[in-house]
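Breakdown of the fold
Spelled out from the first residue to the last, the chains are:
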Amino acid sequence: MSDALEIADFEGGVLAGKHLADFGHEKVVVIIPKDAPENIQERLAGIQSIYSDCLIIDAPLTKEGGKKASEEIVKSDVTAIFATNDEQAFGLYQGLKKLGKTIPDDYSIIGYDDSELNELVVPSLTSIAQPTFELGKKSAELLLERIIQPNQPFQQYTLPVTLVKRDSTIPLK
């Protein structure tokens, strides 16, 4: 056993799913690597609690992965995309543009991480924000507590995520 600090990734997937459902999207695709780490799989499980029949496309957590996923997306009838990280979303922007598609008119997109670049891409990317500053701060606090009191009971914390609404998602027309 050890101290544990986690991000509420399941809830992040739920937030993404609820946002798309509130906008009327019924057909959603999730971009995720088949060998994704557990925290990324939790994001998938979260959105699947809203969209149990979502399309899943296997792609790496990279811009290149997002570009390649674009080719499969345009062959489907989905109207919204959940990229399991922002890097994939940036690749989707490039790949979909190359295929003559526009965001958010053809596809609403939600990323995950809330990268600094999200406000710089056009349209700005809606994303699930992780509390990175709080994660670092709490990690340091836990480490210092463990050094001072090495025999204290192990602690477990889950930090919340938030949806940052920007321009890459719109109500279904």
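Placed above this text is the structure.
Residues numbered from 1 in each chain as written. Predicted model: local features only at pLDDT ≥ 70, side-chain atom pairs only at ≥ 80, totals over all residues. Heavy atoms only, no water.

Observations concerning a negative patch on the surface
To be explicit about the condition: Residues enter patches when their relative accessible area tops 30% and they take part in no salt bridge; the joining distance is 9 Å for like charges and 5 Å for the nonpolar side chains Val, Leu, Ile, Met, Phe, Trp and Tyr. The accessible surface values rely on the Shrake-Rupley method and a 1.4 Å probe; as for residues, cover is taken only from the protein chains in view. Each reported salt bridge corresponds to a side-chain nitrogen of Lys or Arg within 4 Å of a carboxyl oxygen of Asp or Glu. Counted as positive: Lys and Arg. Counted as negative: Asp and Glu, with His and the chain ends omitted from the count. For charged residues, the charge sits on one atom: NZ in Lys, CZ in Arg, CG in Asp, CD in Glu. Numbering goes from the N terminus for both helices and strands, where a helix is a DSSP run of H or I of at least four residues and a strand is a run of E of at least two. Buried means the residue's accessible area, taken with a 1.4 Å probe over protein chains only, is under 20% of the maximum for its type, while exposed means over 50%, and partly exposed covers the values in between.
Together, E6, E11, E38 and E42 make up a negatively charged patch on the protein surface. Summarising the element assignment, E6 is placed in strand 1 (residues 4-7). Residue classification places E6 among the partly exposed positions, given a relative accessible area of 38%.

Thoughts on helix 4 (residues 86-98)
Rules: Helices are assigned an expected span. That span is 1.5 Å times one less than the residue count. Residues are treated as being in contact if the distance between any of their heavy atoms lies within 4.5 Å. Polar contact is defined as a pair of N or O atoms within 3.5 Å, subject to the rule that within protein one atom must be able to donate a hydrogen and the other to accept it, and that residues adjacent in sequence are counted only when both atoms are side-chain atoms.
Taking 1.5 Å per residue as the helical rise, helix 4 with its 13 residues ought to reach 18 Å, and the 19 Å between its terminal C-alpha atoms agrees with that figure. Restricting attention to buried positions, one finds in helix 4 the residues D86, Q88, A89, F90, G91, L92, Y93, G95 and L96. At its buried positions, helix 4 is contacted by strand 2 (28-32), helix 3 (63-73), strand 4 (80-83), strand 5 (108-113) and strand 6 (126-129). Where helix 4 starts, the residue carrying a side-chain oxygen 3.3 Å from the main-chain nitrogen of E87 turns out to be N85. Looking one or two places after helix 4, you find G100, whose phi comes out positive at around 80 degrees.

Side note on the packing of aromatic side chains
Counted only if it meets this: Think of it this way: a Phe, Tyr or Trp ring, Trp meaning its six-membered ring, pairs with another when their centres are within 6.5 Å, and the plane angle makes it stacked under 30 degrees, edge-to-face over 60, tilted otherwise. By definition here, charges over rings are those cases where NZ of Lys or CZ of Arg is within 6 Å of the ring centre and within 35 degrees of the ring normal.
Taken as a whole and judged by the stated rule, the model has one aromatic pair. Its guanidinium or amino end placed over the ring of Y112, R43 lies 3.7 Å from that ring's centre, counting from NZ or CZ. A cation over an aromatic ring shows up here: K138 above the ring of Y157, its NZ or CZ 4.1 Å from the ring centre.

Quick word on helix 3
Stated formally: This arc corresponds to the set of directions leading from the helix axis out to the C-beta atoms.
Burial in helix 3 covers these residues: G65, G66, A69, S70 and I73. The buried residues of helix 3 occupy one face: seen down the axis, they fall within an arc of 150 degrees. Here the buried face of helix 3 lies against strand 2, strand 3 (55-58), strand 4 and helix 4.

What to know about the nonpolar core
Applicable threshold: In this text, buried Ala, Val, Leu, Ile, Met, Phe, Trp, Tyr and Cys residues form a nonpolar core when linked through side-chain atoms within 4.5 Å.
By size, the foremost hydrophobic cluster in this structure holds 19 residues, and its most contacted members are V30, I47 and F82. For F82, the contacting residues outside a window of four places in its chain are G13, A16, V29, V30, I31, R43, I47, I110, G111 and Y112. In this structure, I31, A89, I103 and I109 belong to the second largest nonpolar core, which totals 18 residues.

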